[in-house]
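Here is what each chain is made of, one letter per residue.
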Amino acid sequence: MKKVTFLYQRRDPLTKLDMELGRKLGLQDPVIVQSMYIFKQPGIGGEVTPHQDATFLNTSPLGKVMGFWIALEDATIQNGCLWFIPGSHKDGISRQMVRTPEGTYPRTQFRGSERNYEDNQFVAVPVKKGSLVLICGEVVHKSALNTSEKSRHAYTFHIMDSRGTHWSEENWLQPTQELPFPSLYTQT
């Protein structure tokens, strides 16, 4: 089996953002554009179909979005761990979710079409509680149904290195003056 090289084992408290990791990754001015708490319930936690985060969080140049996925419980094949297509970050994105004009519904639509992927292209990435999985915005990933008796909690946030990067005005998520994207780094 091919070694997956995008894992980083997190050992410090989950309440602290690892600014040192951001700096080691070469992030100059990272901002947090989105965060989610994910709870896959035992036996009923749903599937997340194959996707690329850059489809929903688009930047120019492409590739300036990264997901930080933190396992709050062990993530196993049975309870719906992440699966990745190695090397898929090199193929670009094939669609983008964009806002529709004010007053129209639905408020978003897709431009382009999703590619089809074969199950045998994916590699499972089970991780222990406390692990941090870094996800390039263009890598294709998914998670399966939770078929176990155990839950799978995870916290994820997406960052964009805002230095030299343009956040698309067509993205569904937009910063405002009242709620700008906060910096990953502590302001002094």
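Shown above is the structure to which this text applies.
Residues numbered from 1 in each chain as written. Predicted model: local features only at pLDDT ≥ 70, side-chain atom pairs only at ≥ 80, totals over all residues. Heavy atoms only, no water.

Draft legend 1. Fine view of the overall build of the protein chain. Helix and strand counts for the protein chain come out as one helix and 13 strands. In sequence order, the secondary structure elements of the protein chain are arranged as β-α-β-β-β-β-β-β-β-β-β-β-β-β. Among the 188 residues that make up the protein chain, the fraction classed as buried is 42%. Excluding contacts between residues fewer than 6 apart, the proportion of contacts in the protein chain whose partners are at least 24 apart in sequence is 84%. Approximately 10,900 Å² of the protein chain is accessible, and the part contributed by carbon and sulfur atoms is 53%. (Helix = DSSP H or I, 4+ residues; strand = E, 2+ residues; numbered from the N terminus. Buried < 20%, exposed > 50% of the residue type's maximum accessible area, 1.4 Å probe, protein only. Contact = heavy atoms within 4.5 Å. Areas by Shrake-Rupley, 256 points an atom, 1.4 Å probe, with all protein chains shown as cover.)

Draft legend 2. Highlighting the nonpolar core. The biggest cluster of nonpolar side chains holds 13 residues, and the ones touching the most others in it are Trp 69, Ala 75, Leu 82, Phe 84, Val 127, Val 133 and Ile 135. Taken together, the elements giving at least two residues each to this core come down to strand S5 (65-71), strand S6 (82-84), strand S9 (123-125) and strand S10 (131-136). Core analysis: the next-biggest nonpolar cluster, separate from the first, contains eleven residues, Leu 27, Phe 157, Ile 159 and Tyr 185 among them. (Core = buried A, V, L, I, M, F, W, Y, C linked by side-chain atoms within 4.5 Å.)

Draft legend 3. Region of interest: the pattern of salt bridges. Applying the stated criterion across every chain, the model contains five salt bridges. We note a salt bridge from Glu 114 to Arg 95, for which the minimum N-O separation is 3.1 Å. Note that Glu 114 is positioned in the loop between strand S8 (108-112) and S9 and Arg 95 in strand S7 (residues 95-99), a separation of 19 residues in sequence. A relative accessible area of 18% places Arg 95 in the buried class. For Glu 170, the salt bridge is made with Arg 111, and the minimal N-O distance between the two is 2.8 Å. A residue pair is termed long-range when its members are at least 10 positions apart, and Glu 170 in the segment after strand S13 (166-167) and Arg 111 in strand S8 qualify at 59 residues. Glu 170 sits in the partly exposed class, given a relative accessible area of 32%. (Salt bridge = Lys/Arg side-chain N within 4 Å of Asp/Glu carboxyl O.)

Draft legend 4. Spotlight on the environment of Arg 111. Under the relative-accessibility criterion, Arg 111 is labelled partly exposed at 42%. Counting along the chain gives 14 residues from Arg 111 to Met 97, while the straight-line C-alpha distance between them is 6.3 Å. Residue contacts for Arg 111: discarding those within four places in its chain leaves Ser 94, Arg 95, Gln 96, Val 98 and Glu 170. Separated by 2.8 Å, the side chains of Arg 111 and Glu 170 make a polar contact. (Polar contact = N/O pair within 3.5 Å; in protein donor to acceptor, adjacent residues only side chain to side chain.)

Draft legend 5. Spatial organisation of the layout of surface pockets. By volume, the largest pocket amounts to about 410 Å³. Met 36, Val 48, His 51, Asp 53 and His 141 are the residues nearest the centre of the largest pocket, which is lined by 23 residues in total. Listing elements by their share of the lining of the largest pocket, those giving two or more residues are strand S2 (30-40), strand S3 (48-51), S7, strand S11 (141-143) and strand S12 (152-161). Here the residues of the lining of the largest pocket are counted per class, giving eleven nonpolar, seven polar and five charged. (1 Å grid on protein atoms, 1.4 Å probe; cavity = no way out; pocket = protein on both sides within 12 Å on 5 of 7 lines; lining within 4 Å. Points joined across faces, edges and corners; volume = space filled by probe spheres on them. Nonpolar A, V, L, I, M, F, W, Y, C, P; charged D, E, K, R; others polar.)

Draft legend 6. Examining the sheet that holds S3 more closely. Read from one edge to the other, the open sheet built from four strands follows the order S3-S11-S6-S9, with strand pairing classed as antiparallel. Both outer strands of the open sheet, S3 and S9, are each paired with one neighbouring strand and no more. Across the sheet, the mean angle from the axis of one strand to that of its neighbour is 25 degrees, orientation sign disregarded. Where S6 lies against S9, three bridges are found, and the strand directions are antiparallel. Across the sheet, residue Trp 83 finds its bridge partner in S9, namely Ala 124. (Pairing = 2+ DSSP bridges. Axes fitted to C-alpha atoms, helices over the stretch in contact; angles between N-to-C directions.)

Draft legend 7. Region of the structure containing the packing of aromatic side chains. In this structure the tally under the stated criterion is five aromatic pairs. Taking the centre distance of 6.0 Å and the plane angle of 40 degrees together, the rings of Tyr 155 and Phe 157 count as tilted. Look at Tyr 155 and you get partly exposed, because its relative accessible area is 31%. Look at Phe 157 and you get buried, because its relative accessible area is 3%. Centroid distance Trp 167 to Phe 181: 5.2 Å. Interplanar angle 80 degrees. Geometry classified as edge-to-face. Here the residue Trp 167 occupies a position in strand S13, and Phe 181 occupies one in the segment after S13, the gap between them amounting to 14 residues. Neither Trp 167 nor Phe 181 differs from the other in exposure class; each is buried. Every member of this aromatic cluster is reached through a ring pair, and the members are Phe 68, Tyr 155 and Phe 157. Here the basic side chain of Arg 23 rests over the ring of Tyr 185, its NZ or CZ set 4.1 Å away from the ring centre. The ring of Phe 110 has Arg 95 sitting right over it, with the charged end atom 3.8 Å from the ring centre. (Phe/Tyr/Trp six-rings, centres within 6.5 Å; stacked < 30°, edge-to-face > 60°. Lys NZ or Arg CZ within 6 Å of the ring centre and 35° of its normal.)

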